[in-house]
Amino acid sequence: MSSSISFLDQVHRMFDKAAAHTSHEEGLLKQIRICNSVYHMEFPLVRDDGSIKVVKAWRSEHSHHKLPTKGGIRFAMAVNEDEVAALATLMTFKCAIVNVPFGGAKGGIQVDRKEFSEAEIERITRRYTYELFSKNFIGPGIDVPAPDYGSGPKEMAWIVDTYRSLTNDPLTALGCVTGKPIAQGGVRGRTEATGRGTYFGIKEAVSFADDMESRGLTTGIEGKTIIVQGLGNVGYHAAKFIQEGGGIIVGLAEYEGAIYDENGLDVDAVVAHRKETGSILDFPGATNLAQSSDALEMPCDILIPAALEGVITSENAARIKAKIIGEAANGPVTADADAILLEKGVLIIPDVYLNAGGVTVSYFEWLKNLSHVRFGRMSKRFEQASNERIVKALADSMGATISEEEMMQVTKGADELDLVNSGLEETMATAYHEIRDVAIEKKTDFRTAAFIVAINKVAVSYSEMGIFP
Ligand code: NAD
């Protein structure tokens, strides 16, 4: 982190600012703020060449007010205990904001993926799962990991396979981790969920005329200029859905540098160019920017940091030109930068809300795993048949004819992906309204409002348990 205070301290500062707007008892606020448990492990990896490397890893469960706890596993060199605890804390509030009934957790494995073979990463992942299992830090009702920076469906498949071989409760084993491949119990729409949720959140934010006019913008995504940092799972999908929604992607940044074109960049063409040349740079028609961070300061309406935390600091905040910042990554804006940007009138859509699409769809995946049935399996044909009866009756009464293809299009029952996307859009829209209402009522920024919403919900949950009557 480029800021002098740690990531966890930054999260605590945000918490304290929001807590001051509530009237909960001091002890209860303390309980909501602290991290309930952290497991730090160090285990040996036998490398492909026979040498032994000691791997450091963590799992942090921030809040047990609801179980299971939930949060991704990060594979990165920069992972440390402070970061894992900060991210677990954000997960608790994120789940509360989008009404997902989980406590927050986060895992981290301190490795540079590029230095290890696939077989070595598999051994690390399986051993990490074993360590979690042996200390009761994983299970469908205990703690359910998911992908995060540096991990994806493949790692989740190794985790579920290892867990299944250890547990004596195979019936619920699939629910021990989310973000799995479809054939391993995953749900359709999970891979792109965080990016799609980012799109839904931004779409909601730009739909309020008051909030847009005060920043010299019109409503709607169409025609807005956007810069995205990070073309990984979250950044790529966010950029792609925004482009499909009519936004103009003028800048894209990866760790090797950034590109800018005020006429717009085609996201898939840039990804294909990067695959072919190994770099985002030298994309036809675009200007190269030497540093990824240079892109953050280029002109645009909406800036979406979607790579890592701490990229907008007190050092560069004053030079940011965007009027809206959509925090797709966790913690991209430091607490000091936050104050500078708010002073400038920038609308910051906070991470605890904006990137909650992943955990929302993870919740749907977990429900699917526990119910052992694909969403839409029981209802799709029934819906289609009843829609057909209605359309036929209407067409008959109007003397109209309708082709088989038209009939198919209007009567189709909802399948799993339709239901997941609809549940995600509803979740993101509802949560945005809740946060905005509190921001207006308390005359505060959206991050503080989001924390207030979360603190109140966690407080209710503790009170209902009778711990804090
Ligand atoms: P990812 O590993 O798929 O992608 C990260 C991308 O950022 C990579 O392409 C990497 O090359 C790039 N990157 C690294 N350093 C960079 C730099 N300095 N400048 C520009 N690009 C850089 O990870 P992800 O899953 O997309 O996660 C990104 C962020 O979103 C993280 O903060 C993560 O915690 C957060 N997040 C992810 C999910 C999820 O479902 N995957 C959910 C919520 C939040």
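Residues numbered from 1 in each chain as written. Predicted model: local features only at pLDDT ≥ 70, side-chain atom pairs only at ≥ 80, totals over all residues. Heavy atoms only, no water.

Caption draft 1: Broad picture of the overall build of the protein. In terms of helices and strands, the protein carries 16 helices and twelve strands. Its C-alpha radius of gyration of 23 Å places the protein within 12% of the 23 Å reference for a compact globule of 469 residues. With the principal axes as the frame, the protein shows a C-alpha extent of 75 × 60 × 55 Å. Sequence separation of at least 24 residues holds for 67% of the intrachain contacts in the protein that already meet a minimum separation of 6. Working note: accessible area of the protein is about 19800 Å², and carbon and sulfur atoms make up 53% of it. Of the side-chain charges in the protein, 48 are positive and 64 negative, and the distance between the mean point of each set is 4 Å. (Helix = DSSP H or I, 4+ residues; strand = E, 2+ residues; numbered from the N terminus. Rg over C-alpha atoms; globule rule 2.2 N^0.38 Å. Contact = heavy atoms within 4.5 Å. Areas by Shrake-Rupley, 256 points an atom, 1.4 Å probe, with all protein chains shown as cover. Lys, Arg positive; Asp, Glu negative; His and termini not counted. Charge placed at Lys NZ, Arg CZ, Asp CG, Glu CD.)

Caption draft 2: Main features of the side chain of Thr-92. Of note, Thr-92 is situated in helix H3 (residues 81-97). According to the relative accessible area criterion, Thr-92 is buried, its value standing at 0%. Residues in contact with Thr-92, not counting those within four places in the same chain, are His-62, Ser-63, His-65, Gly-103, Gly-104 and Val-458. (Buried < 20%, exposed > 50% of the residue type's maximum accessible area, 1.4 Å probe, protein only.)

Caption draft 3: Summary view of the packing of aromatic side chains. The tally for this structure, following the rule as stated, stands at twelve aromatic pairs. Taken together, a centroid distance of 5.7 Å and an interplanar angle of 35 degrees make the contact between Phe-15 and Phe-93 tilted. Taken together, the residues Phe-15 in helix H1 (residues 7-19) and Phe-93 in helix H3 connect sequence positions 78 residues apart. Take Phe-93: its relative accessible area is 0%, and that puts it in the buried class. A network of ring pairs unites the aromatic residues Phe-102, Tyr-363, Phe-364 and Trp-366 as a single cluster. (Phe/Tyr/Trp six-rings, centres within 6.5 Å; stacked < 30°, edge-to-face > 60°.)

Caption draft 4: Looking closely at the site of the ligand. Arg-74, Thr-194, Glu-254, Ser-292 and Asn-330 are the nearest of the 22 residues found near the ligand. A distance of 2.8 Å separates an oxygen atom of the ligand from a polar side-chain atom of Arg-74. Glu-254 places a side-chain nitrogen or oxygen 2.5 Å from an oxygen atom of the ligand. Taking 830 Å² as the accessible area of the ligand by itself, protein coverage stands at 85%. (Near = heavy atom within 4 Å. Polar contact = N/O pair within 3.5 Å; in protein donor to acceptor, adjacent residues only side chain to side chain.)

Caption draft 5: Region of interest: the pattern of salt bridges. Per the counting criterion, the structure on display carries 32 salt bridges. Ionic pairing is found between Lys-17 and Asp-445, a salt bridge with its closest N-O pair at 3.1 Å. Linking Lys-17 in helix H1 with Asp-445 in the loop between helix H15 (416-442) and helix H16 (446-464), this pair joins segments that are 428 residues apart in sequence. Asp-445 sits in the buried class, given a relative accessible area of 12%. A salt bridge links Glu-425 to Lys-203; the nearest nitrogen and oxygen atoms lie 3.1 Å apart. (Salt bridge = Lys/Arg side-chain N within 4 Å of Asp/Glu carboxyl O.)

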